[in-house]
Amino acid sequence: MATVKVKFRKSSVDGKPGTIYYQIYHNGICRQITTKMRLQPEEWNSKKERIARHSPLHRHLTMYQSKITNDLNSLRHIIRTLELQHHDYTPADIIAQFHDSTSQDSVFEYMRLQIEHLKRRKRFGTANNYRYALNSLSQFLEGEDLPFSLLNEGLILEYSEWLYDRQVKKNSLSFYMRIWRAVYNRATKERIIEQTFPFQNVYTGIDRTRKRAVDEKTILRLYQLDLDDNPSLALARDLFIFSYCTRGMAFVDIAYLKKKNLTSTHIRYCRRKTDQQLQIRIEPCIAQIIRRYETATRQSEYVFPILHTGDDEQTYKQYEMALSYHNRKLKRIGNMIGVELPLSSYTSRHTWATTARNHNIPISVISAGMGHTSEKTTQIYLASLENSIIDEANCSLLAPINRVAMQ
């Protein structure tokens, strides 16, 4: 029967960490599995074939020991199975099965598969968010992958504390945790790991952010601002006002808005974030902005000169670059008119919601107008809410701009 031992190989360079490897011996043949685990000589107990010390100051050592135990159990299970099959086998057969089993159980490999799956579904924004979460956890684990069995509550709590120690904001911390919770839950549904609810004691809420809205007077000043001598600033301003006038339409939806989404009276589009279908009546101020770019987009399928024809991933990269450029231009415009709050693509969306609330428009109407779907209590009221009510509410908010547009 094959035997497995854990060994430590010192580095040939003084001061450099050595490497943990597994030695498999069977029928006079010896083979090795080299791991990515790196240790200093004093951190390894060669007699006991295990990590020499554990402490909160050496978190990676605790994780390494758990991984070693998990790998040894996996290798011994493979050997027992091969023995029961009464077939001749070699250390190479054991190693091949071990690599197959660890690749299927790998957290990072599973995450990469989810990212590729999202890209195939053209959900490039979510794929990028998953990549950010993967990079964050990889940095925490110092690049060392791990099986799902080690993605337990203890490790998640340590990861949360690690993020806090690096002064990561609560919403960013929650962002990472919610992504990994979603990935973990998917893995449990696919029976890769048994559900143990490792995220139940970490923060996954949404903290209140700083003020992002400006007042109605600022919106009107922006609308009337003469930017004829600077087309790029004029476009940024127009897209900002268009967002406000269309009930806080997100920049990604504006960028991807196509001429086929327009009728003579309405804009009908699907929110890219939630797949929710929305319909907005075209008010005079909205129509004026659309007409302003008809010449520039004559040969394009898009309403605004933001994106160009290309494959889906290339087009998404164009959107990301356009968003960054748009926000830089908005900050410049904000400085021009002396707005203390840095303008961004989010400002128009927050401003519409805040203005609507200040006009005593019901929360249910505001939620429906912005295409929110996460507020379960609000959704009870949205079931019977007609779109015309939302359009009337939007019309009342846009009255000052409409008066100028119709002059």
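On a predicted model such as this, the values are computed, not experimentally measured, just so you know.

Reading the values: rules and limits
- Residues numbered from 1 in each chain as written.
- Predicted model: local features only at pLDDT ≥ 70, side-chain atom pairs only at ≥ 80, totals over all residues.
- Heavy atoms only, no water.
- Helix = DSSP H or I, 4+ residues; strand = E, 2+ residues; numbered from the N terminus.
- Rg over C-alpha atoms; globule rule 2.2 N^0.38 Å.
- Buried < 20%, exposed > 50% of the residue type's maximum accessible area, 1.4 Å probe, protein only.
- Contact = heavy atoms within 4.5 Å.
- Areas by Shrake-Rupley, 256 points an atom, 1.4 Å probe, with all protein chains shown as cover.
- Lys, Arg positive; Asp, Glu negative; His and termini not counted.
- Charge placed at Lys NZ, Arg CZ, Asp CG, Glu CD.
- Polar contact = N/O pair within 3.5 Å; in protein donor to acceptor, adjacent residues only side chain to side chain.
- 1 Å grid on protein atoms, 1.4 Å probe; cavity = no way out; pocket = protein on both sides within 12 Å on 5 of 7 lines; lining within 4 Å.
- Points joined across faces, edges and corners; volume = space filled by probe spheres on them.
- Nonpolar A, V, L, I, M, F, W, Y, C, P; charged D, E, K, R; others polar.
- Axes fitted to C-alpha atoms, helices over the stretch in contact; angles between N-to-C directions.
- Parallel < 35°, antiparallel > 145°, perpendicular 65-115°, else oblique.
- Core = buried A, V, L, I, M, F, W, Y, C linked by side-chain atoms within 4.5 Å.
- Pairing = 2+ DSSP bridges.
- Phe/Tyr/Trp six-rings, centres within 6.5 Å; stacked < 30°, edge-to-face > 60°.

Colleague: Break down the overall build of the protein for me, with residues and values.
Modeller: The helix and strand inventory of the protein stands at 16 helices and 7 strands. Compactness check: the protein gives a C-alpha radius of gyration of 29 Å against a globular reference of 22 Å for 407 residues, more than 25% above the reference. Referenced to the eigenvectors of the C-alpha coordinate spread, the extents of the protein come out at roughly 95 × 45 × 45 Å. A burial count over the protein gives 45% of its 407 residues as buried. Restricting to contacts in the protein with at least 6 residues of sequence separation, those with at least 24 account for 58%. Accessible area for the protein stands at about 22,800 Å²; split by element, carbon and sulfur atoms hold 48% of it. Counting 59 positive and 42 negative side-chain charges, the protein places the centres of these two groups 2 Å from one another.

Colleague: Let's hear about the environment of Gln 318: which residues, and what values?
Modeller: Tracing the backbone shows Gln 318 in helix α11 (residues 312-337). Placed 22 residues apart in sequence, Gln 318 and Ala 296 show a C-alpha to C-alpha distance of 17 Å. Setting aside residues up to four positions removed in sequence, Gln 318 forms contacts with Leu 307 and His 308. Looking at Gln 318, its side chain comes within polar contact range of the main-chain nitrogen of His 308, at 2.8 Å.

Colleague: Give me empty space enclosed by the protein: which residues, what numbers.
Modeller: Taken as a whole and assessed by the stated rule, the structure comprises 1 cavity of 30 Å³ or more. Here the largest cavity is characterised by a volume of approximately 50 Å³. If you trace the largest cavity, you find it lined by Leu 239, Phe 240, Ser 243, Met 249, Ala 250, Phe 251, Ile 254, His 326, Ser 345 and Ser 348. At the level of elements, α8 (231-245), α9 (251-255) and α12 (345-358) are the ones that each hand at least two residues to the lining of the largest cavity. Among the elements that take part in the lining of the largest cavity, α8 stands out by supplying 3 residues, more than any other. Looking at the lining of the largest cavity residue by residue, the classes come out as 6 nonpolar, 4 polar and no charged.

Colleague: Run through the packing of helix α4 (residues 124-140) against helix α6 (residues 170-189), naming residues and quoting values.
Modeller: Axis angle and axis distance: for two packed helices, these are the angle between their axes and the distance between the axes, and together they describe the pair. Packing of α4 against α6 brings their axes to within 9 Å, and their N-to-C directions diverge by 100 degrees. The angle between α4 and α6 falls in the class roughly perpendicular. Of α6, the residues touching α4 (which contributes Asn 129, Tyr 130, Tyr 132, Ala 133, Leu 134, Ser 136 and Leu 137) are Phe 175, Tyr 176, Ile 179, Trp 180, Ala 182 and Val 183. In terms of residue class, the contact of α4 with α6 is made up of 11 nonpolar, 2 polar and no charged.

Colleague: Could you give an account of the nonpolar core, with specific residues and numbers?
Modeller: One finds Phe 242, Ile 267, Ile 286, Phe 304 and Ile 306 to be the most contacted residues of the largest nonpolar core, which totals 64 residues. In terms of residues, this core owes the most to one element, α8, which gives 10 residues. Setting aside residues up to four positions removed in sequence, Phe 304 forms contacts with Leu 239, Phe 242, Ile 254, Ile 289, Tyr 293 and Thr 297. Counting 58 residues, the second-largest nonpolar core is a separate cluster that includes Ile 24, Ile 79, Met 177 and Tyr 184.

Colleague: Any chance you could break down the pairing of strand β2 (residues 18-26) for me, citing the residues and the numbers?
Modeller: Among the 9 residues that make up β2, 7 are buried, leaving the element largely enclosed by the rest of the structure. Here strand β1 (residues 3-9) pairs with β2 via 7 bridges, running antiparallel. Of the residues in β2, the one forming a bridge with Thr 3 is Tyr 25. Between β2 and strand β3 (residues 29-39), which follow one another and run antiparallel, lie 2 residues, and Asn 27 among them has a positive phi close to 50 degrees.

Colleague: Tell me what's going on with the packing of aromatic side chains, and back it up with residues and numbers.
Modeller: As enumerated under the stated definition, the model contains 13 aromatic pairs in all. Measuring from ring centre to ring centre gives 5.6 Å for Phe 124 and Tyr 316, while their planes differ by 40 degrees; the resulting arrangement is tilted. Taken as a pair, Phe 124 in helix α4 and Tyr 316 in helix α11 lie far apart in primary sequence, 192 residues in all. Judged by its relative accessible area of 12%, Tyr 316 falls in the buried class.

Treat this as a map of the structure, not an account of what it does.
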